[in-house]
Amino acid sequence: MKKIFLQTTAILFLTFSLFFGACQKGPSPKKFGTMDIVFKHSVGQQPLQFDTMKYVNTAGNPYMVSNIQYFISNICLHKANGDSVLFDKNGQNQNIHYVDTDLPDTWQWQLPDSIEEGEYTAISFTFGLNKKENKSLRFPNPPESAMFWPQYLGGGYHYMKLNGKWRGPNDTIRMFNFHLGIGQLYDAVGNITGFVQNYFIVKLPNSSFSIKGGQTVQLTLNMDVNEWFENPNVYDFNKWGGKIMQNQKAMHLACQNGHNVFSVKSIRALLPEK
Ligand SMILES: [Cu+2]
C-alpha cells in the first residue's frame, strides 16, 4: 500500500515537474508590430478639392480651401482592461506629427514605437499640442517652424492653419485664416489678462484593432473639413470674420466642433513582409 502511494506520488511529482518545468521557461518573448497613419481630407464623403468655391457650410457660407496644416500628438492606444499605451515616452518630438496638405511627405506617419501584439479597443490623440509640449522654438526648421504662434498671443505653435476664402454678402470674396492655437483673455481696454489652452483630445470612434508580431497596422484617418463649421456649433464666417487668432470665443466654438472632424476610414493589418 505504501509502495503504491509512493509510486503515485512519484508519478504526480513527475507530471507536475514536467508541467511546471515547461512553464518555468517563462512566457514566450513578447512580439511587436508597428503602426502607420495615413491622412486624408474630405468635405462630407468626397475627397477635398482645393481652390474651388464648390462647398457650402451649414451657415450657408460658400467656401473654398487653399491648404491645411496641423499637428496631432500623443497618440494613445487603449485596452479593454483600461490600460493605455502612450507612444514615445522619451520625447524628441517623436509623438508629434505635422500634416500639410501641400507636402506629400507629411501625409503618412510611421509611429516611432513598437506595439505589443494583442487587442486594442480604441485610439485617441491630442489635436494640436498640449501645454507641456507647446513650447516656442521646439521646432527650429521648416515646415513646422512656420507654424509658430506669436509670443504675445501665448507663444508655441498653431494647432492648425486652415486657409481659404468664402463668399460674403454682396458676392465679396474674402480670405479666411481659420487658425487655432492658444487663446487670450482680454480686459475692457484690450490688454491681455490670461491665456487659454485650446488643445483637445480626440477619441476616435470605431478604432479597435488587433495586431500580431511583425505586422504593420495601417490607420487611414480622415478629416472632414465641413465638420469644423457645423457640429455642435454652426460657424458663420460672416459673423466671425476671416481672422480668429485673437478671438477666443470663435476658437472655442471651432475647437468644440473639432471633436468629430476625424474619423477612421480604415484600419487594417498589412501582412508581414517576407
Ligand atoms: Cu495664424
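Quantities reported herein were computed from a predicted structural model and do not represent experimental measurements.

**Focus: the coordination of the copper ion**
For the copper ion, the full set of protein donor atoms is H158 (NE2), H179 (ND1) and M245 (SD), at a range of 2.0 to 2.1 Å. The sequence motif formed by the donor residues of the copper ion is H-x20-H-x65-M. Residue H179 is located in strand β12 (residues 173–180), and its partner M245 is located in the loop between α2 (237–240) and α3 (248–257); the two are separated by 66 residues in the primary sequence. Of the two residues, H179 and M245, both sit in the buried class.

**Here's the deal with the side chain of N226**
Within the element layout of this structure, N226 appears in the loop between β17 (216–224) and α2. Beyond its immediate stretch of four places on either side in the chain, N226 contacts V43, V56, N57 and Y63.

**A short note on a nonpolar patch on the surface**
Judged by side-chain polarity, Y152, Y186, I192 and F195 come together as a nonpolar surface patch covering roughly 400 Å² of accessible area. By the secondary structure assignment, F195 is in strand β14 (residues 192–196). Judged by relative accessible area, F195 falls into the partly exposed class, the value being 45%.

**Considering the pairing of strand β11 (residues 160–167)**
Consecutive residues of a regular strand have side chains that alternate between opposite faces of the sheet. Most of β11 sits out of view: six of its eight residues are buried. Here seven bridges tie strand β4 (residues 62–78) to β11, and the two strands are oriented antiparallel to one another. Paired with M64 across the two strands is K165, which belongs to β11.

The rules behind these values
- Residues numbered from 1 in each chain as written.
- Predicted model: local features only at pLDDT ≥ 70, side-chain atom pairs only at ≥ 80, totals over all residues.
- Heavy atoms only, no water.
- Donors = N, O, S within 2.8 Å, 3.2 Å for Na, K, Ca; no water.
- Helix = DSSP H or I, 4+ residues; strand = E, 2+ residues; numbered from the N terminus.
- Buried < 20%, exposed > 50% of the residue type's maximum accessible area, 1.4 Å probe, protein only.
- Contact = heavy atoms within 4.5 Å.
- Patch = residues over 30% accessible without salt bridge, like charges linked within 9 Å, V, L, I, M, F, W, Y side chains within 5 Å.
- Areas by Shrake-Rupley, 256 points an atom, 1.4 Å probe, with all protein chains shown as cover.
- Salt bridge = Lys/Arg side-chain N within 4 Å of Asp/Glu carboxyl O.
- Pairing = 2+ DSSP bridges.

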